[in-house]
Amino acid sequence: MSRPKYVASCSGGKDSVATLLLAAQHNEPLDEAVFSEVMFDKDTSGEVPEHRDFIYDRLKPFCEKELGIKFTILHADKTYDDVFHHVITRGPHKGEVRGFAWAGMCAVNRDCKIPPVRKYNAALSPDTVSYVGIAADEPKRLARLDEIHKVSLLAKYGMTEADAYKLCQEHGLLSPIYAHCRRNGCWFCPNASDEELLHMITKHPEMFDRLIEWEKEDNIFHRRLTRRETPSEVKARLLSKSQTGFSSPRSKYEMEV
């Protein structure tokens, strides 16, 4: 009887990459790593550029050439462009363009991140084992795993989030995203920190300015990028703040190791 397929969900963040490294170190079965990439439009990734390059230029080759496993990149049919420019069909705002995603109610996650994952999972055999990057010091998240079809190797080997950060760092597989933030997410995320937003404004201004262009379009229902500010307001505030000595804090994981 053949063994089940073993798949690792991989965002490219420290916990999921550490999972790949642990599987290799402890000879755990692993056949494939899967990454769901949100797209801003059909040509532009929704990942912060440095993280996108890390995925394609460093992590994917590492998995395929050094670990000998398949690295699959999933995409949804919809992009953030589609989500933003969706015309509301009912209710008091019928006929208006939806606009930016709401903080806490992310239509991008619903329409762009999750659908390709569900489609991929539906094609898997019922006995497939999925490795999930949840650290040993995340008990609430670990409690949701059945430890049969959804397993945490980090928990199995007692690795905390700080341990995962250090392991990735030691192997040269720590995403450059951690130089200015504590999480990886879409560069237009409504929940992004000031550090993340300032990074895009100063390092990738041509990309952030596309949000400002959208903000100025006609018939937009939701023009705020964050809970309180439009993209142009975010840019003005953070550029003014940066001139007074604003800087990104060191990662809490870096401080612990």
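Before any of the text, the structure's been laid out above.
Bear in mind that the values here come from a model prediction, so they are computed numbers and not experimental data.

Draft legend 1. Main features of unusual backbone geometry. Of note in the backbone geometry, Glu-147 takes a positive phi value of approximately 60° without being a glycine. With respect to the secondary-structure elements, Glu-147 resides in the loop between helix H5 (139-142) and strand E6 (150-151). Under the relative-accessibility criterion, Glu-147 is labelled partly exposed at 45%. If you check the backbone angles, Asn-219 has positive phi at about 60° while not being a glycine.

Draft legend 2. Representation of the packing of helix H1 (residues 14-25) against helix H7 (residues 161-170) within the structure. It is the contact of H1 with H7, at a shortest axis distance of 9 Å, that shows an interaxial angle of 70°. In terms of axis orientation, H1 runs roughly perpendicular to H7. Of the residues in H7, those touching H1 at Lys-14, Asp-15, Val-17, Ala-18, Leu-21, Leu-22 and Gln-25 are Glu-161, Ala-164, Tyr-165, Leu-167 and Cys-168. Looking at the contact of H1 with H7 residue by residue, the class counts come to eight nonpolar, one polar and three charged.

Draft legend 3. Fine view of the layout of surface pockets. Of the volumes computed, that of the largest pocket is approximately 1,400 Å³. The wall of the largest pocket is formed by 47 residues, among which Ser-9, Ser-11, Lys-113, Ile-114 and Arg-141 lie closest to the centre. For the lining of the largest pocket, the elements supplying multiple residues, two or more each, are strand E1 (6-9), H1, strand E2 (32-36) and helix H4 (107-122). Here the lining of the largest pocket gets eight residues from one element, more than from any other, and that element is H4. For the lining of the largest pocket, the class distribution of residues is 20 nonpolar, 15 polar and 12 charged.

Draft legend 4. Representation of empty space enclosed by the protein within the structure. Counting across every chain of the model gives one cavity of 30 Å³ or more. Empty space within the largest cavity amounts to approximately 50 Å³. Forming the boundary of the largest cavity are Val-48, His-180, Gly-185, Cys-186, Trp-187, Ala-192, Glu-196, Leu-197 and Met-200. The class makeup of the residues in the lining of the largest cavity is six nonpolar, two polar and one charged.

Analysis parameters
Residues numbered from 1 in each chain as written. Predicted model: local features only at pLDDT ≥ 70, side-chain atom pairs only at ≥ 80, totals over all residues. Heavy atoms only, no water. Helix = DSSP H or I, 4+ residues; strand = E, 2+ residues; numbered from the N terminus. Buried < 20%, exposed > 50% of the residue type's maximum accessible area, 1.4 Å probe, protein only. Axes fitted to C-alpha atoms, helices over the stretch in contact; angles between N-to-C directions. Parallel < 35°, antiparallel > 145°, perpendicular 65-115°, else oblique. Contact = heavy atoms within 4.5 Å. Nonpolar A, V, L, I, M, F, W, Y, C, P; charged D, E, K, R; others polar. 1 Å grid on protein atoms, 1.4 Å probe; cavity = no way out; pocket = protein on both sides within 12 Å on 5 of 7 lines; lining within 4 Å. Points joined across faces, edges and corners; volume = space filled by probe spheres on them.

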